[in-house]
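Structural description and commentary
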Amino acid sequence: QVQLVESGGGLVQAGGSLRLSCTASGRTFNFAMGWFRQTPGKEREFVAAITWTSGRSLYGDSVKDRFTISRDSAKNTGYLQMNSLKPEDTAAYYCAAGSNLARSRPEEYNYWGQGTQVTVSS
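The structure presented is a predicted model; accordingly, all values stated were derived computationally and were not measured.

**Points about the overall build of the protein**
Across its full length, the protein holds zero helices and 11 strands. Its helices and strands taken in sequence order, the protein reads β-β-β-β-β-β-β-β-β-β-β from the N to the C terminus. For the protein, the C-alpha radius of gyration of 13 Å lies close to 14 Å, the compact-globule estimate for 122 residues. Seen through its principal axes, the protein has C-alpha atoms that stretch 40 × 30 × 25 Å. A total of 122 residues make up the protein; the buried ones form 44% of that total. Accessible area for the protein stands at about 6100 Å²; split by element, carbon and sulfur atoms hold 44% of it.

In structure tokens, the structure reads:
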């Protein structure tokens, strides 16, 4: 079993930056880690994912060139650096773990964090 705890959400003005963290515990972490976001009434949207062993990353089209996913294996922690934030980035952001390769579909992930809210004001 894997527990995931996100942190780092908050309120930021458009154009600003935030860094989200996701710390995994419970067992040796060698899964892929993904970030998804969701707003009320909409489906969960893929943001980014990273293959833990290789560091290979994937990004959703709406965040490419603005967001960067990374990980610190020694701390079992993944990060999502979000720059040039836009009001449309406002959502609850969820960290997920599963599989061993970075994937973009939420059904590929078995473990989910509780979510952290990101609000971008215009």
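What follows picks up the thread again.
**Brief notes about the pairing of strand 11 (residues 116-121)**
Side-chain direction in a regular strand flips from residue to residue, so the side chains alternate between the two faces of the sheet. Side chains of strand 11 alternate between two faces, with Thr116, Val118 and Val120 buried and Gln117, Thr119 and Ser121 left unburied. Both strand 2 (residues 10-13) and strand 11 contribute to a ladder of four bridges, which runs parallel. Each residue of the ladder has a partner; that of Leu11, found in strand 11, is Thr119. Summarising the sheet, strand 9 (residues 91-98) and strand 11 pair through three bridges and their orientation is antiparallel. Pairing of Ala92 across the sheet is with Gln117, part of strand 11.

**Points about the nonpolar core**
In terms of nonpolar packing, the biggest core is built from 28 residues, with Leu4, Phe29, Trp35, Leu80, Met82 and Tyr93 touching the most fellow members. Breaking this core down by element, the ones donating at least two residues are strand 3 (18-25), strand 4 (32-38), strand 5 (45-51), strand 7 (67-72), strand 8 (77-82), strand 9 and strand 11. The next biggest cluster of nonpolar side chains, apart from the first, holds six residues, and it includes Phe36, Phe46, Ala49 and Tyr109.

**A few points about the pattern of salt bridges**
Working definition: two side chains of opposite charge can pair if their charged atoms are close together. Counted according to the given criterion, the structure contains six salt bridges. Here Arg37 and Glu45 are joined by a salt bridge, their closest N and O atoms 2.9 Å apart. Note on Glu45: relative accessible area 32%, which makes it partly exposed. Across the salt bridge formed by Arg105 and Glu107, the nearest N and O atoms sit 3.5 Å from each other. Under the relative-accessibility criterion, Arg105 is labelled partly exposed at 45%. Taken together, the salt bridges that share partners define one network made up of Arg37, Glu45, Arg66 and Asp89.

**Some details on the state of the cysteines**
Scanning all chains against the criterion turns up one disulfide. Two residues, Cys22 and Cys95, share a disulfide whose sulfurs are 1.9 Å apart. For the disulfide bridge between Cys22 and Cys95, the dihedral angle about the S-S bond is near -75 degrees, and by the sign convention the bridge is left-handed. Here Cys95 lies in strand 9 and Cys22 lies in strand 3, a separation of 73 residues in the sequence.

So, how was this worked out
- Residues numbered from 1 in each chain as written.
- Predicted model: local features only at pLDDT ≥ 70, side-chain atom pairs only at ≥ 80, totals over all residues.
- Heavy atoms only, no water.
- Helix = DSSP H or I, 4+ residues; strand = E, 2+ residues; numbered from the N terminus.
- Rg over C-alpha atoms; globule rule 2.2 N^0.38 Å.
- Buried < 20%, exposed > 50% of the residue type's maximum accessible area, 1.4 Å probe, protein only.
- Areas by Shrake-Rupley, 256 points an atom, 1.4 Å probe, with all protein chains shown as cover.
- Pairing = 2+ DSSP bridges.
- Core = buried A, V, L, I, M, F, W, Y, C linked by side-chain atoms within 4.5 Å.
- Salt bridge = Lys/Arg side-chain N within 4 Å of Asp/Glu carboxyl O.
- Disulfide = S-S within 2.5 Å.

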